[in-house]
Amino acid sequence: MNAAPARFSLNQETIRQWSVPELVAGCVAAGVGAVGLWREPVRGFGVRETAKLVAGAGLSVSSLCRGGFFTAADPAGRAAALDDNRRAVEEAAELGADTLVLVSGGLPPGDRDLVGARRRIAEILGELAPWAAGHGVRLGIEALHPMFASDRCVVSTLGQALDIAEQFPAEQVGVVADAYHLWWDERMPADLLRAGEGGRIVSVQVADWVTPLPEGVLLGRGQLGDGSIDLRGFRQLADAAGYRGPVEVEIFNPGLWARDGTEVLREVIERYGEHVD
(Lines give C-alpha, C1' and ligand atoms only; values in the text may rest on other atoms or scores of the structure.)
Protein backbone atom coordinates (compact mmCIF):
# COMPACT_ATOMS: atom_id res chain seq x y z
CA MET A 1 0.00 0.00 0.00
CA ASN A 2 1.34 3.43 -0.95
CA ALA A 3 1.63 5.91 1.91
CA ALA A 4 -1.30 8.27 2.17
CA PRO A 5 -0.88 11.86 0.89
CA ALA A 6 0.26 14.32 3.51
CA ARG A 7 -3.10 16.09 3.97
CA PHE A 8 -5.20 12.92 3.93
CA SER A 9 -7.24 12.27 7.06
CA LEU A 10 -9.38 9.18 7.62
CA ASN A 11 -12.69 9.84 9.29
CA GLN A 12 -13.45 6.98 11.65
CA GLU A 13 -16.90 6.32 10.17
CA THR A 14 -15.44 5.51 6.75
CA ILE A 15 -14.19 2.20 8.18
CA ARG A 16 -16.77 1.83 10.91
CA GLN A 17 -16.09 -1.89 11.25
CA TRP A 18 -12.69 -1.18 12.83
CA SER A 19 -12.28 -0.88 16.58
CA VAL A 20 -10.25 2.04 17.88
CA PRO A 21 -7.07 -0.08 18.16
CA GLU A 22 -7.65 -1.43 14.63
CA LEU A 23 -8.14 2.11 13.34
CA VAL A 24 -4.88 3.27 14.87
CA ALA A 25 -2.92 0.24 13.69
CA GLY A 26 -4.40 0.43 10.18
CA CYS A 27 -3.59 4.11 9.83
CA VAL A 28 -0.02 3.64 11.04
CA ALA A 29 0.50 0.77 8.60
CA ALA A 30 -0.84 2.88 5.73
CA GLY A 31 1.15 5.99 6.58
CA VAL A 32 -1.97 7.99 7.47
CA GLY A 33 -1.07 10.91 9.71
CA ALA A 34 -4.48 12.14 10.87
CA VAL A 35 -7.85 10.75 11.91
CA GLY A 36 -11.26 12.27 12.44
CA LEU A 37 -12.89 10.63 15.46
CA TRP A 38 -16.50 10.06 16.54
CA ARG A 39 -17.70 10.32 20.11
CA GLU A 40 -19.68 7.07 20.33
CA PRO A 41 -16.90 4.58 19.46
CA VAL A 42 -14.34 6.67 21.32
CA ARG A 43 -16.45 6.68 24.47
CA GLY A 44 -17.02 2.96 24.06
CA PHE A 45 -13.27 2.33 24.09
CA GLY A 46 -12.55 5.09 26.57
CA VAL A 47 -11.69 8.72 25.88
CA ARG A 48 -8.48 8.64 27.91
CA GLU A 49 -7.45 5.30 26.43
CA THR A 50 -8.11 6.54 22.90
CA ALA A 51 -6.13 9.72 23.51
CA LYS A 52 -3.13 7.71 24.73
CA LEU A 53 -3.31 5.26 21.85
CA VAL A 54 -3.63 7.93 19.17
CA ALA A 55 -0.89 10.14 20.59
CA GLY A 56 1.41 7.18 21.14
CA ALA A 57 1.05 6.24 17.47
CA GLY A 58 1.97 9.75 16.36
CA LEU A 59 -1.46 10.46 14.87
CA SER A 60 -3.13 13.85 15.01
CA VAL A 61 -6.89 14.23 15.46
CA SER A 62 -8.26 16.42 12.70
CA SER A 63 -11.72 16.70 14.27
CA LEU A 64 -14.17 15.18 16.71
CA CYS A 65 -17.75 14.50 15.62
CA ARG A 66 -20.11 15.55 16.86
CA GLY A 67 -21.67 18.19 18.99
CA GLY A 68 -24.71 20.28 18.20
CA PHE A 69 -28.46 19.52 18.16
CA PHE A 70 -29.19 22.92 19.60
CA THR A 71 -32.70 23.54 18.28
CA ALA A 72 -34.91 22.35 21.15
CA ALA A 73 -37.44 25.03 22.00
CA ASP A 74 -37.99 24.08 25.66
CA PRO A 75 -35.65 25.05 28.52
CA ALA A 76 -35.00 21.42 29.50
CA GLY A 77 -33.99 20.51 25.95
CA ARG A 78 -31.73 23.54 25.72
CA ALA A 79 -30.05 22.70 29.03
CA ALA A 80 -29.53 19.08 27.97
CA ALA A 81 -27.97 20.18 24.69
CA LEU A 82 -25.63 22.59 26.42
CA ASP A 83 -24.54 19.93 28.94
CA ASP A 84 -23.87 17.36 26.21
CA ASN A 85 -21.87 19.85 24.16
CA ARG A 86 -19.77 20.81 27.14
CA ARG A 87 -18.93 17.12 27.55
CA ALA A 88 -18.09 16.96 23.84
CA VAL A 89 -15.71 19.91 24.21
CA GLU A 90 -13.99 18.24 27.16
CA GLU A 91 -13.63 15.03 25.13
CA ALA A 92 -12.19 16.94 22.17
CA ALA A 93 -9.67 18.66 24.42
CA GLU A 94 -8.57 15.37 25.98
CA LEU A 95 -8.17 13.80 22.53
CA GLY A 96 -6.08 16.71 21.28
CA ALA A 97 -8.69 17.69 18.71
CA ASP A 98 -8.84 21.45 18.23
CA THR A 99 -12.08 21.19 16.20
CA LEU A 100 -15.49 19.97 17.37
CA VAL A 101 -17.87 19.48 14.45
CA LEU A 102 -21.42 20.69 15.08
CA VAL A 103 -24.53 19.25 13.44
CA SER A 104 -26.98 21.90 14.50
CA GLY A 105 -30.23 19.94 14.78
CA GLY A 106 -33.54 19.80 12.96
CA LEU A 107 -36.97 21.18 13.70
CA PRO A 108 -38.56 20.12 17.00
CA PRO A 109 -41.75 18.04 16.61
CA GLY A 110 -44.60 20.18 15.33
CA ASP A 111 -42.31 23.19 14.71
CA ARG A 112 -42.12 24.83 11.27
CA ASP A 113 -40.06 27.89 12.19
CA LEU A 114 -36.67 27.50 10.48
CA VAL A 115 -35.61 31.05 11.32
CA GLY A 116 -36.41 30.54 14.97
CA ALA A 117 -34.50 27.26 15.06
CA ARG A 118 -31.42 28.94 13.59
CA ARG A 119 -31.73 31.74 16.13
CA ARG A 120 -31.67 29.20 18.97
CA ILE A 121 -28.40 27.79 17.60
CA ALA A 122 -26.77 31.20 17.92
CA GLU A 123 -28.19 31.66 21.42
CA ILE A 124 -26.61 28.44 22.73
CA LEU A 125 -23.33 29.18 20.94
CA GLY A 126 -23.24 32.45 22.85
CA GLU A 127 -22.75 30.35 25.99
CA LEU A 128 -20.79 27.46 24.52
CA ALA A 129 -18.26 29.17 22.24
CA PRO A 130 -16.29 31.15 24.87
CA TRP A 131 -16.30 28.11 27.15
CA ALA A 132 -14.95 25.87 24.37
CA ALA A 133 -12.27 28.40 23.52
CA GLY A 134 -11.12 28.23 27.12
CA HIS A 135 -10.49 24.51 26.54
CA GLY A 136 -8.56 25.14 23.31
CA VAL A 137 -11.39 23.82 21.13
CA ARG A 138 -12.85 25.61 18.14
CA LEU A 139 -16.44 24.92 17.09
CA GLY A 140 -17.19 24.14 13.45
CA ILE A 141 -20.73 24.58 12.14
CA GLU A 142 -21.42 22.05 9.40
CA ALA A 143 -24.11 22.76 6.83
CA LEU A 144 -25.95 19.60 5.77
CA HIS A 145 -27.77 18.99 2.49
CA PRO A 146 -31.30 20.49 2.53
CA MET A 147 -32.80 16.98 2.67
CA PHE A 148 -31.70 16.97 6.34
CA ALA A 149 -33.36 20.27 7.27
CA SER A 150 -36.40 18.78 8.99
CA ASP A 151 -34.81 16.19 11.24
CA ARG A 152 -31.07 16.75 11.49
CA CYS A 153 -29.79 20.19 10.49
CA VAL A 154 -31.65 23.43 9.78
CA VAL A 155 -28.37 24.90 8.49
CA SER A 156 -28.44 23.91 4.82
CA THR A 157 -25.89 26.12 3.07
CA LEU A 158 -22.40 27.33 3.79
CA GLY A 159 -23.76 30.88 3.71
CA GLN A 160 -26.23 30.10 6.49
CA ALA A 161 -23.44 28.50 8.54
CA LEU A 162 -21.32 31.63 8.07
CA ASP A 163 -24.19 33.90 9.06
CA ILE A 164 -24.21 32.17 12.43
CA ALA A 165 -20.45 31.73 12.83
CA GLU A 166 -19.73 35.38 12.05
CA GLN A 167 -21.64 36.42 15.17
CA PHE A 168 -18.64 35.13 17.14
CA PRO A 169 -14.87 35.60 17.01
CA ALA A 170 -13.21 33.52 14.30
CA GLU A 171 -10.98 31.83 16.85
CA GLN A 172 -14.12 30.50 18.58
CA VAL A 173 -16.48 29.48 15.76
CA GLY A 174 -15.82 28.48 12.17
CA VAL A 175 -17.43 26.31 9.51
CA VAL A 176 -16.98 22.79 8.15
CA ALA A 177 -17.00 22.46 4.36
CA ASP A 178 -18.21 18.99 3.32
CA ALA A 179 -18.36 18.33 -0.42
CA TYR A 180 -21.21 15.84 -0.03
CA HIS A 181 -23.46 18.49 1.46
CA LEU A 182 -22.37 21.58 -0.48
CA TRP A 183 -21.47 20.56 -4.04
CA TRP A 184 -24.88 21.42 -5.52
CA ASP A 185 -24.98 25.08 -4.36
CA GLU A 186 -23.91 27.66 -6.98
CA ARG A 187 -23.15 30.11 -4.15
CA MET A 188 -20.70 27.71 -2.52
CA PRO A 189 -17.50 28.95 -4.25
CA ALA A 190 -18.15 32.54 -3.17
CA ASP A 191 -19.10 31.39 0.31
CA LEU A 192 -15.88 29.37 0.60
CA LEU A 193 -13.89 32.48 -0.28
CA ARG A 194 -15.87 34.47 2.28
CA ALA A 195 -15.13 31.79 4.87
CA GLY A 196 -11.44 31.79 4.01
CA GLU A 197 -11.14 35.55 4.11
CA GLY A 198 -12.56 35.50 7.61
CA GLY A 199 -10.34 32.62 8.75
CA ARG A 200 -13.42 30.48 9.32
CA ILE A 201 -12.69 27.17 7.55
CA VAL A 202 -11.94 24.68 10.32
CA SER A 203 -12.39 21.42 8.41
CA VAL A 204 -12.81 20.12 4.86
CA GLN A 205 -14.47 16.75 4.26
CA VAL A 206 -15.08 14.74 1.09
CA ALA A 207 -17.36 11.96 -0.11
CA ASP A 208 -19.10 11.51 -3.45
CA TRP A 209 -22.75 11.85 -4.47
CA VAL A 210 -24.03 8.82 -6.38
CA THR A 211 -27.44 8.53 -8.02
CA PRO A 212 -29.67 6.85 -7.03
CA LEU A 213 -28.63 7.08 -3.40
CA PRO A 214 -28.03 3.43 -2.50
CA GLU A 215 -28.94 3.67 1.20
CA GLY A 216 -30.82 6.96 1.42
CA VAL A 217 -29.37 10.38 2.05
CA LEU A 218 -27.72 9.52 5.40
CA LEU A 219 -25.89 6.31 4.49
CA GLY A 220 -25.71 6.73 0.73
CA ARG A 221 -22.38 8.51 0.42
CA GLY A 222 -20.35 7.28 -2.50
CA GLN A 223 -16.75 6.19 -2.75
CA LEU A 224 -14.50 8.94 -4.09
CA GLY A 225 -14.79 9.11 -7.87
CA ASP A 226 -18.01 7.10 -8.14
CA GLY A 227 -20.38 10.06 -8.34
CA SER A 228 -21.11 13.56 -9.57
CA ILE A 229 -18.87 15.79 -7.45
CA ASP A 230 -15.76 17.50 -8.76
CA LEU A 231 -13.84 16.59 -5.62
CA ARG A 232 -10.48 17.97 -6.75
CA GLY A 233 -12.19 21.19 -7.77
CA PHE A 234 -13.80 21.40 -4.34
CA ARG A 235 -10.45 20.90 -2.61
CA GLN A 236 -8.87 23.50 -4.89
CA LEU A 237 -11.59 26.00 -4.01
CA ALA A 238 -10.84 25.47 -0.32
CA ASP A 239 -7.13 25.88 -0.99
CA ALA A 240 -7.77 29.09 -2.93
CA ALA A 241 -9.67 30.35 0.10
CA GLY A 242 -6.56 29.80 2.20
CA TYR A 243 -7.30 26.42 3.77
CA ARG A 244 -4.16 24.36 4.38
CA GLY A 245 -5.40 21.77 6.87
CA PRO A 246 -6.29 18.08 6.62
CA VAL A 247 -8.87 16.83 4.13
CA GLU A 248 -11.03 14.19 5.81
CA VAL A 249 -12.55 11.34 3.86
CA GLU A 250 -15.92 10.78 5.54
CA ILE A 251 -18.02 8.14 3.77
CA PHE A 252 -21.09 6.58 5.41
CA ASN A 253 -21.66 3.51 3.28
CA PRO A 254 -22.74 0.03 4.47
CA GLY A 255 -21.13 -1.47 1.38
CA LEU A 256 -17.74 -0.25 2.57
CA TRP A 257 -18.48 -1.29 6.15
CA ALA A 258 -19.10 -4.88 5.00
CA ARG A 259 -15.63 -5.19 3.45
CA ASP A 260 -12.19 -5.80 4.90
CA GLY A 261 -11.02 -2.55 6.46
CA THR A 262 -7.49 -2.75 5.11
CA GLU A 263 -8.82 -3.17 1.57
CA VAL A 264 -11.17 -0.23 2.04
CA LEU A 265 -8.38 2.02 3.29
CA ARG A 266 -6.12 1.03 0.39
CA GLU A 267 -8.91 1.86 -2.07
CA VAL A 268 -9.79 5.14 -0.35
CA ILE A 269 -6.17 6.30 -0.44
CA GLU A 270 -5.90 5.40 -4.13
CA ARG A 271 -9.14 7.20 -4.95
CA TYR A 272 -8.05 10.23 -2.95
CA GLY A 273 -4.91 10.45 -5.05
CA GLU A 274 -6.89 10.10 -8.26
CA HIS A 275 -9.77 12.46 -7.48
CA VAL A 276 -8.88 14.82 -4.61
CA ASP A 277 -5.13 15.38 -4.21
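None of these values were measured; they are calculated from a predicted model.

1. Topic: the layout of surface pockets
Link 1 in the chain: In this structure, the largest pocket spans a volume of roughly 400 Å³.
Link 2 in the chain: Taken together, 27 residues form the lining of the largest pocket, with E13, W38, R66, L218 and F252 sitting closest to its centre.
Link 3 in the chain: Listed by contribution, the elements that provide at least two residues to the lining of the largest pocket are helix 2 (39–45), strand 3 (60–68), helix 7 (179–182) and helix 9 (216–219).
Link 4 in the chain: Residues that form the lining of the largest pocket fall into these classes: 15 nonpolar, 4 polar and 8 charged.

2. So, the packing of aromatic side chains
Link 1 in the chain: What the rule picks out here adds up to 4 aromatic pairs.
Link 2 in the chain: Taking 5.8 Å as the distance between ring centres and 75 degrees as the angle between the ring planes, the aromatic pair formed by W38 and F252 counts as edge-to-face. Placement of W38 in strand 2 (residues 34–38) and of F252 in the loop between strand 10 (247–249) and helix 11 (254–257) is noted, with a sequence separation of 214 residues between them.
Link 3 in the chain: For F252, a relative accessible area of 8% corresponds to the buried category.
Link 4 in the chain: Ring-pair connections join several aromatic residues into one group, and the members of that group are Y180, W183 and W209.

3. A short note on the sheet that holds strand 1 (residues 8–11)
Link 1 in the chain: One closed barrel accounts for 8 strands, arranged 1-2-3-4-5-6-7-10; its pairing is parallel. For this sheet, the mean inter-axis angle between neighbouring strands, taken without regard to orientation, is 30 degrees.
Link 2 in the chain: When strand 2 meets strand 3, the two strands line up parallel, connected through 5 bridges. When the sheet's bridge partners are listed, W38 is paired in strand 3 with C65.
Link 3 in the chain: The strands touched by helix 4 (residues 75–95) within the sheet are strand 2, strand 3, strand 4 (99–103) and strand 5 (138–142), with strand 3 carrying the most contacts at an inclination of about 175 degrees.

The rules behind the values
Residues numbered from 1 in each chain as written. Predicted model: local features only at pLDDT ≥ 70, side-chain atom pairs only at ≥ 80, totals over all residues. Heavy atoms only, no water. 1 Å grid on protein atoms, 1.4 Å probe; cavity = no way out; pocket = protein on both sides within 12 Å on 5 of 7 lines; lining within 4 Å. Points joined across faces, edges and corners; volume = space filled by probe spheres on them. Helix = DSSP H or I, 4+ residues; strand = E, 2+ residues; numbered from the N terminus. Nonpolar A, V, L, I, M, F, W, Y, C, P; charged D, E, K, R; others polar. Phe/Tyr/Trp six-rings, centres within 6.5 Å; stacked < 30°, edge-to-face > 60°. Buried < 20%, exposed > 50% of the residue type's maximum accessible area, 1.4 Å probe, protein only. Pairing = 2+ DSSP bridges. Axes fitted to C-alpha atoms, helices over the stretch in contact; angles between N-to-C directions. Contact = heavy atoms within 4.5 Å.

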